[in-house]
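A closer look at the structure
Below are the chains, spelled out letter by letter.
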Amino acid sequence: MIETKFHHFDNVGFFWITLPQELIKSLRREMKTIENHEQMESALTSVGVPTHYHVTENRDKLEKFLKNEFVKQKNNYPFKLDRCWAGIQKKNEFVPYHIHEGAFAFTIWLELFEEKHKYCSNFQFLYIDALGKIQPHTIRLNKSHEGKMLLFPSNLGHIVYPHYNEKNRLSISGNIK
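Definitions and cut-offs
- The numbers attached to residues start from 1 for each chain and follow its sequence in the written order.
- Residues qualify for local features only when their pLDDT is at least 70, as the model is predicted, and side-chain atom pairs are given and counted only at 80 or more; totals for whole chains, interfaces and linings, by contrast, use all residues.
- Where side-chain values are given, they derive from all heavy atoms of the structure, hydrogens and water being excluded.
- Only DSSP runs of H or I with at least four residues qualify as helices, and only runs of E with at least two residues qualify as strands; both kinds are numbered from the N terminus onward.
- For two strands to count as paired, DSSP must find a minimum of two bridges between them.
- Whenever a helix is involved, its axis is fitted only over the stretch in contact; in every case the axis is a line through C-alpha atoms, and angles between N-to-C directions fall within 0 to 180 degrees.
- For this analysis, residues touch if any pair of their heavy atoms sits within 4.5 Å.
- Grouping buried Ala, Val, Leu, Ile, Met, Phe, Trp, Tyr and Cys residues that are joined through side-chain atoms within 4.5 Å yields what is termed a nonpolar core.
- Burial status follows relative accessibility: with a 1.4 Å probe on protein chains alone, a residue under 20% of its type maximum counts as buried, one over 50% as exposed, and anything between as partly exposed.
- Should an angle fall under 35 degrees it is taken as roughly parallel, and over 145 as roughly antiparallel, whereas 65 to 115 is taken as roughly perpendicular and any remaining angle as oblique.
- A clockwise turn of the near helix away from the far one marks a right-handed crossing, whereas an anticlockwise turn of less than a right angle marks a left-handed crossing.
- Throughout, the ten residues Ala, Val, Leu, Ile, Met, Phe, Trp, Tyr, Cys and Pro are labelled nonpolar, Asp, Glu, Lys and Arg are labelled charged, and all others, Gly among them, are labelled polar.

**Regarding unusual backbone geometry**
Of note in the backbone geometry, Asn-92 takes a positive phi value of approximately 75 degrees without being a glycine. A positive phi angle, close to 65 degrees, is found at Ser-121, a residue other than glycine. By the secondary structure assignment, Ser-121 is in the loop between β5 (104–111) and β6 (122–128).

**So, the sheet that holds strand β10 (residues 169–176)**
For sheets, the rule is that strands pair by backbone hydrogen bonds, running either parallel or antiparallel. Read from one edge to the other, the open sheet built from 6 strands follows the order β1-β8-β5-β10-β3-β2, with strand pairing classed as antiparallel. Two strands close off the open sheet at either side, each with one partner strand: β1 (15–18) and β2 (51–54). The average undirected angle you get between the axes of adjacent strands in this sheet is 25 degrees. When β5 meets β10, the two strands line up antiparallel, connected through 7 bridges. When the bridges of β10 are listed, Ala-105 appears paired with Asn-175. Taken strand by strand, helix α1 (residues 21–32) contacts β2, β3 (81–89), β5 and β10, and its axis lies near 75 degrees from that of β5. Sitting on the sheet, helix α2 (residues 59–72) is in contact with β1, β3, β5, β8 (148–153) and β10, with an inclination near 115 degrees to β3.

**Quick word on the nonpolar core**
Ranked by size, the top nonpolar core spans 26 residues in total, and within it Phe-106, Ile-108, Ile-172 and Ile-176 carry the most contacts. Every element with two or more residues in this core is listed here: α1, α2, β3, β5, β8 and β10. Among all residues touching Ile-108, those that are not within four sequence positions of it are Leu-19, Leu-27, Leu-62, Lys-148, Met-149, Leu-170, Ser-171 and Ile-172. The next biggest cluster of nonpolar side chains, apart from the first, holds 14 residues, and it includes Val-95, Phe-123, Phe-125 and Leu-141.

**Some points on the packing of α1 against α2**
At a closest axis distance of 11 Å, the pairing of α1 and α2 adopts a crossing angle of 150 degrees. When the axis of α1 is compared with that of α2, the two are roughly antiparallel. Of the two elements, α1 crosses α2, and the hand of that crossing is left-handed. Between α1 and α2, the contacting residues are Leu-23, Ser-26 and Leu-27 on the first element and Lys-61, Leu-62 and Phe-65 on the second. The residue inventory of the contact of α1 with α2, partitioned by class, reads 4 nonpolar, 1 polar and 1 charged.

**Observations regarding the side chain of Asp-82**
Positionally, Asp-82 belongs in strand β3. Looking at Asp-82, the relative accessible area reads 18%, which means it is buried. For Asp-82, the contacting residues outside a window of four places in its chain are Arg-59, Glu-101, Asn-175, Ile-176 and Lys-177.

Everything listed here is a matter of geometry and, on its own, says nothing about what the molecule does.
Structural data, given as structure tokens:
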């Protein structure tokens with residue numbers, strides 16, 4: 001008897017985590033005054049790239065929340081929240097392809113809106129598959145992603161496409177060592 005079985009190559013994934021309402025409210029309060037915080041410089045700091053600011057008031061709350069999420073996943077990773085920043089993405093700004101430092105990275109979206117064009121406002125992972133081809137995994141960001149965290153391996157390259165809305169897109173991101 002001839003038997004055929006298909007096998008997938010192992011690959012990494014990512015988590016979608018819904019934040020508690022109390023934490024979302026606290027992050028939004030900090031975002032109201034975030035432009036008074038110290039600006040964060042990085043290799044991505046340039047014209048056309050959103051300005052980033054250090055998150056200070058909610059850093060400890062985020063670290064505690066993230067540690068609890070790692071425990072839920074039965075992960076014994078020696079957790080340490082490294083840098084944590086807020087992004088204010090204005091109309092036409094984008095975040096070019098990049099990776100993060102550490103073992104994991106995250107982004108929390110606090111203010112999003114609907115876009116008509118299918119390429120606007122996308123968050124896109126790019127990775128090399130088992131055949132050596134660059135593959136995209138695109139997330140069409142919209143209002144349903146507000147208050148959600150995307151947690152992923154820090155060396156998983158990604159890009160954030162521009163939006164064309166007059167409002168600012170607000171997010172909080174960070175690195176976990």
